[in-house]
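# Observations on the three-dimensional arrangement
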Amino acid sequence: MTTEQSKARSAARNGDGAVLAAPSRAQRARSRSRAQLAAWGFIAPVVVYLGLFYAYPLYRNVDLSIRSYTLASFITGDAPFAGFSNYVNVIESSTFAPALINTTIFVFASIAFQFAIGLALAVFFFRSFRLSGVLRALFLVPWLLPLLVSASTWSWMLDSDSGVVNSFLQAFGIGQIDWLTSPRWSLVAVLIANIWIGIPFNLVIMYSGLQSISAEVFEAAAIDGANGWQRFWRITFPLLRPVSAITLLLGFVYTLKVFDIIWIMTRGGPGTASTTLAIWSYQLGFGSLLPDFSSAAAVGNLLIIIAVIFSLVYIRARRRLELT
Amino acid sequence: MHRSRRASAIGAALLALGTAAAALTGCSSSASSGGGSSSSGSSAGGTYTFWDPYPQYSASSAWAQLVSKCGTEAGVTIKRTAYDTTALTTQALLAGQQGNSPDILLVDNPVVSTLASAGILTTTAQNGLATGAIAQNILGAGVINGKTYGVPIGANTLALYYNPTILKAAGVSPTSITSWATLTAALAKVKAIGKKGITFAGINTEEGSFQFLPWFWGAGASLTNLDSPQAIAALTLWTTWIKDGYAPNSVIGDTQTTSWQEFQTGDFAFGENGTWQKATAAQMGAKVIQIPAENGGSAPVPTGGEFFTIPVQKNTATYATSAKIVSCLSSTSNIVTTDNTLNYIAPTQAGQQAQLATDASLQSWVSAVGVAKARTGDNLGTKYPIISQQMWTAVQKAESGAASPASALQAAQSAATAAINK
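Residues numbered from 1 in each chain as written. Chains lettered and ligands numbered in written order. Predicted model: local features only at pLDDT ≥ 70, side-chain atom pairs only at ≥ 80, totals over all residues. Heavy atoms only, no water.

### Remarks on the overall build of chain A
Heads up, the rule is: In DSSP terms, a helix is any run of H or I states spanning at least four residues, a strand is any run of E spanning at least two, and both are numbered starting from the N terminus. Note that the radius of gyration is over C-alpha atoms, with the globule rule given as 2.2 Å times the number of residues to the power 0.38. Each residue gets one of three labels from its accessible area relative to the maximum for its type: buried under 20%, exposed over 50%, partly exposed in between, using a 1.4 Å probe on protein chains only. Values of accessible area rely on a 1.4 Å probe in the Shrake-Rupley scheme; residue burial ignores everything except the protein chains shown. Here Asp and Glu are counted as negative and Lys and Arg as positive; His is not counted, and neither are the chain ends. Note on charges: their place is set at NZ of Lys, CZ of Arg, CG of Asp or CD of Glu.
Along the backbone of chain A there are 16 helices and zero strands. Its C-alpha atoms give chain A a radius of gyration of 28 Å, more than 25% over the compact-globule value 20 Å for 324 residues. Reported as C-alpha extents along the three principal axes, the dimensions of chain A are approximately 95 × 75 × 35 Å. Residue burial in chain A is summarised as follows: out of 324 residues, 38% are buried. For chain A, the accessible area works out to roughly 19000 Å², and carbon and sulfur atoms hold 67% of it. In chain A, the 23 positive side-chain charges and the 14 negative ones have mean positions that sit 15 Å from each other.

### Let's talk about the side chain of Glu 399 of chain B
Worth spelling out the cut-off: In what follows, a contact means two residues having at least one pair of non-hydrogen atoms within 4.5 Å.
Here Glu 399 of chain B lies in helix H17 (residues 383-400). Each residue touching Glu 399 of chain B, except ones within four places of it in the same chain, is listed here: Phe 200, Gly 202, Trp 238, Thr 239, Ile 242, Val 251 and Ile 252 of chain B.

### Section: the confidence of the model for chain B
Residues and elements named next belong to chain B. Rules: One confidence number per residue, pLDDT, is output by the predictor and ranges from 0 to 100.
Of all residues in chain B, 89% have pLDDT values of 70 or greater, and the mean over the chain is 86. The weakest mean pLDDT in chain B belongs to helix H1 (residues 2-34) at 40; the strongest belongs to helix H10 (residues 229-243) at 96. Here residues 1-43 scores under 50 on pLDDT; set against residues more than four positions off or in separate chains, the count is 44 contacts. Here the complex is predicted with pTM 0.79, and the ipTM for its interfaces comes to 0.73.

### Examining the interface of chain B and chain A
The line we're drawing: Within this document, salt bridges are pairs made up of a side-chain nitrogen of Lys or Arg and a carboxyl oxygen of Asp or Glu, the two lying within 4 Å of each other. Any pair of nitrogen or oxygen atoms within 3.5 Å is treated as a polar contact; in protein, a donor-acceptor pairing is required on top of that, and neighbouring residues in sequence qualify only through side-chain atoms on both sides. In this count, Pro and Cys sit with the nonpolar residues alongside Ala, Val, Leu, Ile, Met, Phe, Trp and Tyr, while Asp, Glu, Lys and Arg are called charged and the others, Gly among them, polar.
On the chain A side, the residues contacting the 40 residues of chain B number 34 residues. Counting across the chain B and chain A interface gives zero salt bridges. The tally of links from chain B across to chain A stands at five residue pairs in polar contact (both at pLDDT 80 or more). At the level of elements, H1, helix H3 (85-98), helix H4 (109-117) and H17 of chain B are the ones that each hand at least two residues to the side of chain B that touches chain A. In terms of residue count, the dominant contributor to the side of chain B that touches chain A is H1 of chain B (ten residues). Counted by class, the side of chain B that touches chain A contains 19 nonpolar, 17 polar and four charged residues.

### Quick look at the pattern of salt bridges
Residues and elements named next belong to chain A. This structure, assessed with the given rule, holds five salt bridges over all chains. For Arg 60, the salt bridge goes to Asp 63, with nearest N and O atoms at 3.9 Å. Pair noted here: Arg 60 and Asp 63 are both in helix H2 (residues 25-65), with a separation of three residues, about one helical turn. On the basis of relative accessibility, which here comes to 35%, the residue Arg 60 falls in the partly exposed class.

### Comments concerning the pairing of strand E7 (residues 158-162) of chain B
All names here are of chain B. To keep it simple, the criterion reads: In this description, strands pair whenever DSSP reports at least two bridges between them.
By the criterion of burial, E7 is predominantly enclosed, with five of the five residues buried. Pairing between E7 and strand E9 (residues 268-274): five bridges, direction antiparallel. Residue pairing for E9: Tyr 161 is matched across the bridge by Gly 271. The sheet contact formed by E7 and strand E10 (residues 287-289) spans three bridges and is antiparallel. Each residue of the ladder has a partner; that of Tyr 162, found in E10, is Lys 287.

### A word on the packing of aromatic side chains
This is how the line gets drawn: To pair, rings of Phe, Tyr and Trp, with the six-membered ring standing in for Trp, must have centres within 6.5 Å; the planes then decide the type, stacked if under 30 degrees apart, edge-to-face if over 60, and tilted in the middle. Should the NZ of a Lys or the CZ of an Arg lie within 6 Å of a ring centre and within 35 degrees of the ring normal, that charge is described as sitting over the ring.
Considering all chains together, one arrives at 41 aromatic pairs over all chains under this definition. The interplanar angle of 55 degrees and the centroid separation of 5.8 Å between the aromatic rings of Phe 84 of chain A and Tyr 87 of chain A together place this pair among those described as tilted. Seen from their ring centres, Trp 215 of chain B and Trp 241 of chain B are 5.3 Å apart, and the 85 degrees between their planes marks the pair as edge-to-face. Linking Trp 215 of chain B in helix H9 (residues 206-218) with Trp 241 of chain B in helix H10, this pair joins segments that are 26 residues apart in sequence. In terms of burial, Trp 215 of chain B and Trp 241 of chain B fall into one category: buried. Here the aromatic cluster, defined as three or more aromatic residues joined through ring pairs, consists of Trp 180, Phe 200, Phe 212, Trp 215, Phe 216, Trp 238 and Trp 241 of chain B. Lying over the aromatic face of Trp 217 of chain B, Lys 373 of chain B brings its terminal NZ or CZ to 4.6 Å of the ring centre.

### Let's talk about the state of the cysteines
Residues and elements named next belong to chain B. As a reminder, the rule being used: Any pair of cysteine sulfurs within 2.5 Å is marked as a disulfide.
Counted according to the given criterion, the structure contains one disulfide over all chains. Sulfur-sulfur distance for the disulfide between Cys 70 and Cys 328 comes to 1.9 Å. One quick way to see it: the torsion about the S-S bond of Cys 70 and Cys 328 is about -70 degrees, and its sign makes the bridge left-handed. Remark: Cys 328 occurs in helix H13 (residues 318-329) and Cys 70 occurs in helix H2 (residues 62-73); sequence separation between them is 258 residues. For the residue pair Cys 70 and Cys 328, the accessibility class agrees, reading buried in each case.

### Focus: the sheet that holds strand E11 (residues 306-309) of chain B
All names here are of chain B. As a reminder of what qualifies: Lines fitted to C-alpha atoms define the axes, with helix axes restricted to the stretch in contact, and inter-axis angles between N-to-C directions lie between 0 and 180 degrees.
As summarised here, the arrangement of the five strands in space is E2-E1-E3-E11-E6, forming an open sheet in which the pairing is mixed. Each edge of the open sheet is held by one strand with a lone partner, namely strand E2 (77-82) and strand E6 (151-152). Across two bridges, E6 lies against E11 in antiparallel orientation. Bridge assignment links Val 151 to a residue of E11, and that residue is Phe 308. Contacts from H2 reach strand E1 (47-52), E2, strand E3 (104-108) and E11, with the element oriented near 150 degrees to E2.

### Topic: the environment of Ser 61 of chain B
As for its placement among the helices and strands, Ser 61 of chain B is situated in the loop between E1 and H2. Remark: the alpha-carbon pair of Ser 61 of chain B and Pro 214 of chain B, spanning 153 residues in sequence, is separated by 34 Å.

Here it is in structure tokens:
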């Protein structure tokens, strides 16, 4: 609808109001309630959708974690209320500390490297040069590959005896590294693969963020004699802050729930060396012949709580940013 | 005006969809609490549902045709659905929860105790299946607290494949391998000629436990006591092999398939693997011996293979027909054909004799199955999965050097005890 049209319309409405008698109170109430109903009608699909696919599963997961859900309850449907005992068991378990530490290292190291490399590449590609489009497209390949394919390829490349990475290192006189099978290296191995997979996402978002910065600012800085390094730290980086914040938050949530890469490459092993909370939750629920859904749900909920805490931190930080 | 009418129409349609979805889920949840058998079959005629873990067999395969033939003989139509082994357990549990279990369920043997304790399966006393001719050690996986919950389709197990070319070059006679000491000595000779020793699956899943059990049991250890000196000896054997370079480091993450691929490269003298590889082993000229126990003799090996079970139905009249179908599928002539295709050893003596009559090379496998044990046997039932998980975790820790065999197994035992008493 053009502005002219809407202007004409509102003028006509004003004209109507002036000519006709004002509508009765009942009429007004009826039309208001009809409008209210229509509003509810429009919002209902979203509410139903959210309720069915988000709120209910979440409620079920919380419910599952505070009950003692055994095989028998699978059939009878009633599981005795267990309070927080599942959470206590999970936290007291010998797997909890390594899983929490591994998750922390995995998430923060992944994000730090993905973000730094993604940003560096974005800045690099921002000054378009010949073939920059092709090169940038190549960087997107990891994103396009199914995770199953990239993780399997990584695990072949990092194989101790026949992997290409070790043969390469051996050419430089570095002895065999058991990337996937030694407790010291397995987390590093899955980290390398995950960083590689996450770079394109950071590259794309940061690149589009860069394009929203006005060229004039850079020109003005150049005239003032700022060198490349100063331009980056004084202009690019501060102006990218809102984009960076959302990229980091999304990266955090995505990395926190990473499962496939680790599962394919090391299955959380050897021992618990690369077990993260997400892997542990799966192992509890589906990893053995005897499912322990309550504990698995408890670990899953801990993950959700961690994600929510960081989202709240983000929202707070954003609000402060908007105020300043 | 038109636009707003269209918009409200779309809104109404969406709302209708939403409420329909809500109504539908309401429907399904009420159906689940009420229960309802998927089998429309009454005692005679109708359609019977049959689930198996053999997605590799299509509708035109001999197996699928045998299934439908046995259905026809019982006067019913069979609707067969094949799931991946892991998916089948979850599917069976979910179906049990929804009250629409299949009429016949062919399921991996260690899962039988899980499903039985969930109350999904009928006992042979209820469904009338005959178990008399079946070897006790194979039937063991289906027996919980004295009740039998199904009949085995056949059994597979583990043995030690060897590469005759490498052994000859290393000057090792396969018949000399009768104990751990003689095996380790053979591995040393193989390594001395620049070849690789042995490969197995030491992964942190059930497969890892399955492959470790022959050594664990071969030392005389028991699953109820994971940190016994015998158990420590078994784990020390594996870790020493890795440390001394007799086994590759990759065994820590190897599945039975990847470890077999390593053996197939022709660089390895030995490969611990299952009956199901005997065809590919024959192709590469590999031979097989039984896994030695610590101090000589054959080690007890775990049985693999599926069980025919008849899940609980609302209409108990279907059991007789289901039992008839299972008896047909497990009759000697049929089961021999099936077991030959699946590379299984028949669970009855008559079946084994029939298999040997056509293929004498099966003898070592028949003897291996003869000394095999059910993982869930010794009345462990649903305790087995808990113990097994701790066992493969300990094996992983020790293999990777994160802990010594003794401390890894002590941790495993205390974790298993805690989990069982939970």
